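Analysis of the macromolecular model
Now for the letters of each chain:
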Amino acid sequence: MTKTLHHRACHLCEAICGLTIETEDQEDGSRRILSIKGDAQDSFSRGHICPKAVALQDIQNDPDRIRQPMRRAGNEWLPIEWDEAFALVAERLADIQARHGNNAVAVYQGNPSVHNYGLMTHSNYFLGLLKTRGRFSATSVDQLPHHLISQQMYGHGLLIPIPDIDQTRFMLILGGNPLASNGSIMTVPDVEKRLKALQVRGGKLVVVDPRRSETAAMADQHLFVRPGQDAALLFGLLNTLFEEGLGRATHLQVEGLEQVRAAIAHFTPEAMSQRCGIPSEQIRQLAREFAATESAVCYGRMGVSTQAFGSLCQWLIQLINLVTGNLDRVGGVLCTEPAVDLVSATSGGHFNRWQSRVSGLPEYGGELPVAALAEEMLTPGEGQVRALVTVAGNPVLSTPNGRQLEQALDGLEFMLSIDLYINETTRYADLILPPTAPLEHEHYDTTFNLFAVRNVTRFNEAVLARPAGAKHDWEIFVGLAKAFAARTGIELKPTLAPEQMIDLGLRAGPYGDRSEHKLSVARLREHPHGIDLGALKPNLAGRLKTASGKVEAAPAILLGDLDRFAAQPVLREGQLMLIGRRHVRSNNSWMHNYHRLVKGKPRHQLLMHPNDLEARGLVDGQRVKVRSRVGVIEVEVGASDDMMPGVVSLPHGWGHARPGVRMGIASEQPGASANDLTDERHLDAVSGNAALNGVPVEVVAA
Ligand SMILES: Nc1nc2c(c(=O)[nH]1)N[C@H]1C(S)=C(S)[C@@H](COP(=O)(O)OP(=O)(O)OC[C@H]3O[C@@H](n4cnc5c(=O)[nH]c(N)nc54)[C@H](O)[C@@H]3O)O[C@H]1N2
Ligand SMILES: Nc1nc2c(c(=O)[nH]1)N[C@H]1C(S)=C(S)[C@@H](COP(=O)(O)OP(=O)(O)OC[C@H]3O[C@@H](n4cnc5c(=O)[nH]c(N)nc54)[C@H](O)[C@@H]3O)O[C@H]1N2
Ligand code: SF4
Ligand SMILES: [Mo]
């Protein structure tokens, strides 16, 4: 039987590693996967691969993955034809909107929405027709502060400066653990080698984290910080830069820096030290070293965006890079120039044009914070949400107070999920529409090329043919749009296939028809290992989209948050704080059904410092109850010297022991859900992003 080698990127996480997949043709005309390896010829990932990519074959073969539309009848799931399913959705949603208004239908889009090009290009073809303000996504349990700060300071929410990891001499990482996550808002396959290379060329890596993470363990210096108090450290650093005159000139035109300087003058390291738990002299020393190094990067991720001061943190990080002359500078942070350039192609985004009905949380880019989703369903009155569409998401496990959301989902009139599984969320749906599996569709990365540490591009061919009758995500949206338009009498504009849209985007982009590269999909098809378009270069001055044309250093919404920061009480002695973590063999909530990834010792223990265990009369390996304002879970506790005393760590995405979940392997090792503890009222007040880290909890023997 014929064997074939395929080259394409893995798009399960942000690292977009090149893969070499060997298949064998079968007698029935299909293909079988023989092996999945890292592609050594990929100039970007250089052969790097992680265990999740090997599990792509398990996703493909998983008997629990749903392969045809399913309709719920009580506790039973029955197959239904595509056209009948589309007509049913159109009928139910149109009817609910006719009775209760457009906003009665809400939408939640999960993380794979930005990892699958058909979802990027076509979800709005249908969802846009709903004309609802009830739009929610995983953005507001993740990176919303990054977008908001870029929109405020640089004029576009996607104009996010990326660490020049390959050339910098100093990297300060707060609340990111790229050794587990493989990098985030920093597409960087092979990150461990790149960080080691930084150390080998004499550079320094400093990690700030309440846990000695895998990345902290390889760092030259690790600082424990009190959860949710990074802003105190960052204020101390910025204050030192100003006060000691350590700044360096920038070529960028900047507005408002003097205003910032005055506003934070009292946030000295001495005043901030107790808040963050880091001695003032260490803060000053760090600022001096950062500023004195010829090139340096300050970078913060999940740990500092999903906390109560997420927006302040991301703002201060930008300012530290700016004031030290490292913004838009080689070896500092730089904006990409991707082949399909969403920054040039779209407007900058808007903020707080309207608010959520119940809590008055601000919209960003047309979406409301997902922490408000359950209350929008549970609170009666005009505009109450009565139907939900989920796309590639599992908000029961991934958004704060998952138990409250379950209660809300149970009361809906109608729910549609577009997903591969019957999981903790989709089990509430009336209808589940499954798309093709990852290797059955093509892919072009419009999101992560935008955040990559080099300008790179590639077109990824499907490796396996789709089974008869299967639909790609984008085709599902086209089917839904047609049915909804027919039902409601809306005129539907014609659309193109994703591949044609990407072709247009490439040709209009910076390496397209007007350049010597002449990139097009056809051209990319000739380069299955991808094309390297070069290192990042300074370009921000020409790309700023602010009204003033300058960098806006002092956005009013951030200056307006300083009082809230200053007023926050210091923690009570002995109060435990919950934070999250990731593991390289896990991917949010949805890759626990593959034996290859979950085998061995469970990785969902609650980690706690031995002194904290002892103080509570607990022992390593014991079952404990963890309680927060919103709920209680039972888990196994593990002693760990890597934890800062007073802090406990639990990964999210577990908690599969819920009735009706159809994921056999996941249910055997269910774990508990961190989001049964996180609090939907605990938010970054500026953006409305959920504060999933720094949740006060109690731990007692079970
Ligand atoms: N406590 C705590 N909570 C967190 C986090 C944390 O660190 N701590 N992290 C947050 C972050 S950063 C994120 S991004 C969210 C993620 O949260 P979500 O996006 O809500 O959930 P995922 O676990 O990514 O689930 C993805 C779903 O998409 C389905 N799926 C996979 N591929 C496809 C596809 O190609 N098409 C379709 N239609 N469906 C697909 C899967 O079956 C699964 O149901 O969780 C957040 N929640
Ligand atoms: N293997 C794997 N890779 C993934 C994912 C996955 O689930 N598994 N998810 C993907 C997604 S959706 C995302 S968004 C990225 C996230 O990528 P990262 O941001 O790198 O995510 P984490 O690995 O969760 O690292 C967050 C770190 O913040 C620390 N932390 C918690 N609270 C605080 C705090 O208050 N202050 C500070 N300074 N640190 C704190 C935690 O201890 C942890 O080490 O990863 C992506 N990659
Ligand atoms: S790090 Fe792993 S999951 Fe992420 S793109 Fe690379 S192989 Fe895929
Ligand atoms: Mo994420």
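Up top is the structure these notes are about.
Now for a look at the structure at hand. (Residues numbered from 1 in each chain as written. Chains lettered and ligands numbered in written order. Predicted model: local features only at pLDDT ≥ 70, side-chain atom pairs only at ≥ 80, totals over all residues. Heavy atoms only, no water.)

1. What about the overall build of the protein?
Along the protein, the regular secondary structure elements total 27 helices and 28 strands. Relative to the 2.2 N^0.38 estimate, which gives 27 Å for 702 residues, the radius of gyration of the protein is 25 Å and therefore close to what a compact globule would have. In terms of principal-axis extent, the alpha carbons of the protein reach across some 70 × 65 × 50 Å. Within the protein, buried positions represent 61% of all 702 residues. Summarising the internal contacts of the protein: among those between residues at least 6 apart in sequence, 74% fall at separations of at least 24. Carbon and sulfur atoms make up 49% of the accessible area of the protein, which totals about 25600 Å². (Helix = DSSP H or I, 4+ residues; strand = E, 2+ residues; numbered from the N terminus. Rg over C-alpha atoms; globule rule 2.2 N^0.38 Å. Buried < 20%, exposed > 50% of the residue type's maximum accessible area, 1.4 Å probe, protein only. Contact = heavy atoms within 4.5 Å. Areas by Shrake-Rupley, 256 points an atom, 1.4 Å probe, with all protein chains shown as cover.)

2. Points about the site of ligand 2
For ligand 2, the set of nearby residues contains 33 residues, the closest of which are Ser-181, Asp-209, Asp-230, Ser-586 and Asn-588. In the model, a nitrogen atom of ligand 2 is placed 3.1 Å from a nitrogen or oxygen of the Ala-180 main chain. Within the backbone of Asn-588, a nitrogen or oxygen atom sits 2.7 Å from an oxygen atom of ligand 2. For the shell around ligand 2, the secondary-structure elements that each account for two or more residues are helix 6 (178-181) and helix 13 (302-305). For the shell around ligand 2, the element with the highest residue contribution is helix 13, accounting for 3 residues. Looking at side-chain class alone, the shell around ligand 2 contains 9 nonpolar, 16 polar and 8 charged residues. (Near = heavy atom within 4 Å. Polar contact = N/O pair within 3.5 Å; in protein donor to acceptor, adjacent residues only side chain to side chain. Nonpolar A, V, L, I, M, F, W, Y, C, P; charged D, E, K, R; others polar.)

3. Points about the sheet that holds strand 6 (residues 105-109)
The strand order 5-4-19-18-17-6-7 describes an open sheet built from 7 strands, whose pairing is mixed. Unpaired on one side and paired on the other, strand 5 (76-79) and strand 7 (135-137) mark the two borders of the sheet. On average, each strand axis in the sheet is inclined to that of its neighbour by 20 degrees, with strand direction left out of account. Pairing of strand 4 (residues 70-73) with strand 19 (residues 431-433), which is carried by 2 bridges, proceeds in the antiparallel orientation. The partner of Arg-71 across the bridge, within strand 19, is Leu-431. (Pairing = 2+ DSSP bridges. Axes fitted to C-alpha atoms, helices over the stretch in contact; angles between N-to-C directions.)

4. A word on the sheet that holds strand 2 (residues 18-25)
Here 3 strands make up an open sheet; going across it, the order is 1-2-3 and the pairing antiparallel. Only two strands of the sheet have a single partner each, and these edge strands are strand 1 (3-9) and strand 3 (31-38). Averaged over neighbouring strand pairs, the angle between their axes works out to 25 degrees when direction is ignored. The pairing of strand 2 with strand 3 spans 7 bridges and is classified as antiparallel.

5. Let's talk about the environment of Leu-237
Along the polypeptide, Leu-237 turns up in helix 9 (residues 230-243). Under the relative-accessibility criterion, Leu-237 is labelled buried at 3%. Apart from the residues lying within four places of it in its own chain, the contact partners of Leu-237 are Leu-172, Ile-283, Leu-286, Ala-287 and Ile-320.

6. As for the nonpolar core
In this structure, Leu-172, Phe-235, Leu-238 and Trp-315 are the most contacted members of the largest nonpolar core, which totals 88 residues. Residue contacts for Phe-235: discarding those within four places in its chain leaves Ile-264, Phe-267, Met-272, Leu-312, Leu-316, Leu-562 and Phe-565. Grouped together as the second largest cluster of nonpolar side chains are 36 residues, Leu-88, Val-389, Leu-431 and Leu-480 included. (Core = buried A, V, L, I, M, F, W, Y, C linked by side-chain atoms within 4.5 Å.)

7. Examining the pattern of salt bridges
Overall, the coordinates contain 41 salt bridges when judged by the stated rule. Linking Glu-442 and Arg-525 is a salt bridge whose minimum nitrogen-to-oxygen distance equals 3.8 Å. Pair noted here: Glu-442 is in the loop between strand 19 and strand 20 (454-457) and Arg-525 is in helix 21 (residues 521-525), with a separation of 83 residues, a long-range link. Relative accessible area serves as the criterion here: at 24%, Glu-442 is assigned to the partly exposed category. In the salt-bridge network here, residues are joined through shared partners; they are Glu-243, Glu-244, Glu-270, Glu-281, Arg-284 and Arg-288. (Salt bridge = Lys/Arg side-chain N within 4 Å of Asp/Glu carboxyl O.)

8. Notes on unusual backbone geometry
Comment: phi is negative for the bulk of residues other than glycine, and the bulk of peptide bonds are trans. The phi dihedral of Asn-352 falls on the positive side, at around 60 degrees, and the residue is not glycine. Summarising the element assignment, Asn-352 is placed in strand 15 (residues 351-355).

9. Points about helix 12 (residues 280-292)
Along its 13 residues, helix 12 runs 18 Å from first to last C-alpha, staying within 8% of the 18 Å computed at 1.5 Å per residue. If you check which residues of helix 12 are buried, you get Ile-283, Arg-284, Leu-286, Ala-287, Phe-290 and Ala-291. Projected onto a plane normal to the axis of helix 12, the buried residues spread over an arc of 160 degrees and lie on a single side. (Expected span 1.5 Å × (residues − 1). Arc of directions from axis to C-beta.)

10. Topic: the site of ligand 1
In the region of ligand 1, 29 residues are neighbours, and Tyr-108, Asn-111, Ser-398, Asp-419 and Ser-589 sit closest. At 3.1 Å, a backbone N or O of Ile-418 approaches a nitrogen atom of ligand 1. In isolation ligand 1 has 920 Å² of accessible area, and contact with the protein removes 96% of it.

11. Quick look at the pairing of strand 26 (residues 632-639)
Note: strand 24 (residues 606-608) against strand 26, 3 bridges, orientation parallel. Bridge pairing in strand 26 places Leu-606 opposite Val-637. Summarising the sheet, strand 25 (residues 623-627) and strand 26 pair through 5 bridges and their orientation is antiparallel. Paired with Val-626 across the bridge in strand 26 is Ile-633.

12. Some words on the environment of Ile-320
Its location among the elements puts Ile-320 in helix 14 (residues 310-323). Once the C-alpha coordinates of Ile-320 and Ser-628 are considered, the two residues, 308 residues apart in sequence, prove to be 35 Å apart. Leaving out residues up to four positions away in the same chain, Ile-320 has contacts with Leu-234, Leu-237, Leu-238, Leu-241, Phe-290 and Cys-298.

13. Structural notes on the side chain of Ser-515
With respect to the helices, strands and loops of the structure, Ser-515 is situated in the loop between helix 20 (498-508) and helix 21. Within the structure, the side chain of Ser-515 is placed 3.1 Å from the backbone oxygen of Tyr-511, a separation counted as a polar contact.

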